[in-house]
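So the chains spell out like this:
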Amino acid sequence: MTDNTWQPPKVWEWKKNNGGAFANINRPVSGPTHEKVLPVGKHPLQLYSLGTPNGQKVTIMLEELLALGVTGAEYDAWLIRIGEGDQFSSGFVDVNPNSKIPALSDHSTTPPTRVFESGNILLYLAEKFGHLLPKDPAGRTETLNWLFWLQGAAPFLGGGFGHFFNYAPVKIEYAIDRFTMEAKRQFDVLDKQLGRGRYVAGEEYTIADIAIWPWYGNVLLGNVYNAAEFLDAQSYKNVLRWANDIAHRPAVKRGRIVNKTNGPLEEQLHERHDASDFDTQTEDKRQG
Ligand SMILES: N[C@@H](CCC(=O)N[C@@H](CS)C(=O)NCC(=O)O)C(=O)O
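Residues numbered from 1 in each chain as written. Predicted model: local features only at pLDDT ≥ 70, side-chain atom pairs only at ≥ 80, totals over all residues. Heavy atoms only, no water.

As annotated in an unreviewed UniProt entry, the protein is GST-like protein from Yokenella regensburgei.

Below you can see the structure in the form of C-alpha cells.
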C-alpha cells in the first residue's frame, strides 16, 4: 500500500503546480483564456487537432474515406498544441466548448457545422458520406455498441492507467493496480470479441475499429505508454492480430502521423492541407 498521510481539506483548493505532466494546462474552470480566430483553409472540412489517440481516430477516418474515393472528405488539419494552451483560444472554444481535441468544422453547410467528441465526429463523417458504418440495423447497432464502449472505456486506459503508469510524478501502487486491473479486463473483453470475427463489429471494417485501434491497438503495439510488456500484450492474441492487421492499412499509416508532434521525424506531419503533404511536408523533410 502507498504510504499516504495527506487528508483532503474541507473545501478543495486549486494547486496551480501539482508537479504533474499537465499542471500547466489543467484548470478547474472552462472557457477561453485568450482571443484568437482559428485559421480556415481551402477544403470543406477543417480539423483542429493533435496526433494523440483521440486525434488519430479522425485523421484515420478521413484518410480511409479518401482512400474509398470520397473526394468531399478532403480536409485541412491544423495543429492545436494542447501543451501550449491552444485549446483555450476563443476560436477553438467556439468549435468545442469542452476545449479538447479533436474538433471539426464542416464548411460545406451554411453556417458551418461544428462537431466535437471524437466518437461523434466519426459518426458524423460515416453518415455524411455513407461509409464505414453498416446500413442494416443489426450491423449498425453492433458497430455503435463498440464505438460507445470505446468512448466510455478509453478514459480508464488513458486518463487512468496511462496517466498513473506513465505520466504521474509519483508511482502510486494503489492507483496503478486499480487501473491496470481495469485496463486488463477491457483488453480481455476486446480479445474475446476479436476471437469471433476479423474486426470488432464482425467481418466488416467500421468506425468501431477506427475508434478503438488508436487506443487499444497502439498500447499493445507499444506505441504509447511503453506498457506492452507490463500489460503482457502477448496474452491478447486476437487483439494483437487485429492491431497488426489494421496497422498495415495505407490510410492508417497516413492518418496516424497527421498532427503528430512526437516520435520519429518521418512520422510527424504537423499540418495536412493536401494529399501530397505526406510526401513533402513530414518533419524529416522539412528539417532536413
Ligand atoms: N472525449 C473526448 C476526449 C478528448 C480528449 O481528451 N482530448 C485531449 C487530448 S487526447 C485534450 O484535448 N486535452 C487537452 C486538455 O485537456 O486541455 C473525445 O473523444 O473527443
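There's more to say after this.
Q: Which parts of the structure should I look at to understand unusual backbone geometry?
A: For residues that are not glycine, phi is negative in most cases, and the peptide bond is trans in most cases. Cis geometry is found at the peptide bond from I101 to P102, where omega equals 0°. Mapped onto the fold, P102 is located in the loop between α2 (90-95) and β3 (103-106). Note that the residue after T110, namely P111, is joined by a cis bond; omega there is -10°. Its place among the elements puts P111 in the loop between β3 and β4 (113-116). Even without being glycine, N226 reaches a positive phi, approximately 50°. Its location among the elements puts N226 in the loop between α6 (207-220) and α7 (237-247). (Helix = DSSP H or I, 4+ residues; strand = E, 2+ residues; numbered from the N terminus.)

Q: Sorry, what's going on with the site of the ligand here?
A: Around the ligand there are 14 residues in total, and Q87, K100, I101, E117 and S118 lie nearest to it. Backbone polar atom of I101 to an oxygen atom of the ligand: 2.8 Å apart, as the coordinates give it. At a separation of 2.8 Å, a nitrogen atom of the ligand approaches a polar side-chain atom of E117. When the free accessible area of the ligand is taken as 510 Å², the share hidden by the protein chains comes to 80%. Counted by class, the shell around the ligand contains five nonpolar, six polar and three charged residues. (Near = heavy atom within 4 Å. Polar contact = N/O pair within 3.5 Å; in protein donor to acceptor, adjacent residues only side chain to side chain. Areas by Shrake-Rupley, 256 points an atom, 1.4 Å probe, with all protein chains shown as cover. Nonpolar A, V, L, I, M, F, W, Y, C, P; charged D, E, K, R; others polar.)

Q: Quick question: what am I supposed to make of the side chain of D191 here?
A: Within the secondary structure, D191 sits in helix α5 (residues 173-194). Summary of buried charges: D191 has no salt-bridge partner, and the nearest side chain of opposite charge, R241, is 7.4 Å away. Apart from residues no more than four positions distant in its own chain, D191 is found in contact with S235, Y236, K237, N238 and V239. (Buried < 20%, exposed > 50% of the residue type's maximum accessible area, 1.4 Å probe, protein only. Lys, Arg positive; Asp, Glu negative; His and termini not counted. Salt bridge = Lys/Arg side-chain N within 4 Å of Asp/Glu carboxyl O. Contact = heavy atoms within 4.5 Å.)

Q: Explain the sheet that holds β4 here, please?
A: Adjacent strands of a sheet form backbone hydrogen bonds with each other and so pair up, either parallel or antiparallel. Taken in spatial order, the four strands line up as β2-β1-β3-β4 in an open sheet, and their pairing is mixed. Both outer strands of the open sheet, β2 (75-79) and β4, are each paired with one neighbouring strand and no more. Taken pair by pair, the neighbouring strands of this sheet meet at an average axis angle of 20°, ignoring direction. Bridge count for strand β1 (residues 45-49) against β2 is five bridges, and the pairing is parallel. What sits directly across from L47, in β2, is A77. The sheet strands contacting helix α1 (residues 53-67) are β1 and β2, and the helix crosses β1 at an angle near 150°. (Pairing = 2+ DSSP bridges. Axes fitted to C-alpha atoms, helices over the stretch in contact; angles between N-to-C directions.)

Q: Got a minute to help me understand the confidence of the model for the protein in this structure?
A: The pLDDT averaged across the protein works out to 96; a share of 99% of its residues lies at or above 70. By mean pLDDT, helix α10 (residues 283-287) is the weakest element of the protein at 96, and β1 is the strongest at 99. (pLDDT = per-residue confidence, 0-100.)

Q: Please clarify how the nonpolar core should be interpreted in this entry.
A: Side chains of nonpolar character tend, in soluble globular proteins, to be buried together. M61, L125, L190, I207, I212, Y216 and W242 are the most contacted members of the largest nonpolar core, which has 68 residues in total. Counting residues per element, the ones that place at least two in this core are β1, α1, β2, α3 (118-129), α4 (137-167), α5, α6 and α7. Setting aside chain neighbours within four positions, we find I207 in contact with M61, L122, L123, A126, L132, L133, T143, L144 and L147. Ranked by size, the runner-up nonpolar core spans 10 residues in total, among them L50, W78, F92 and A103. (Core = buried A, V, L, I, M, F, W, Y, C linked by side-chain atoms within 4.5 Å.)

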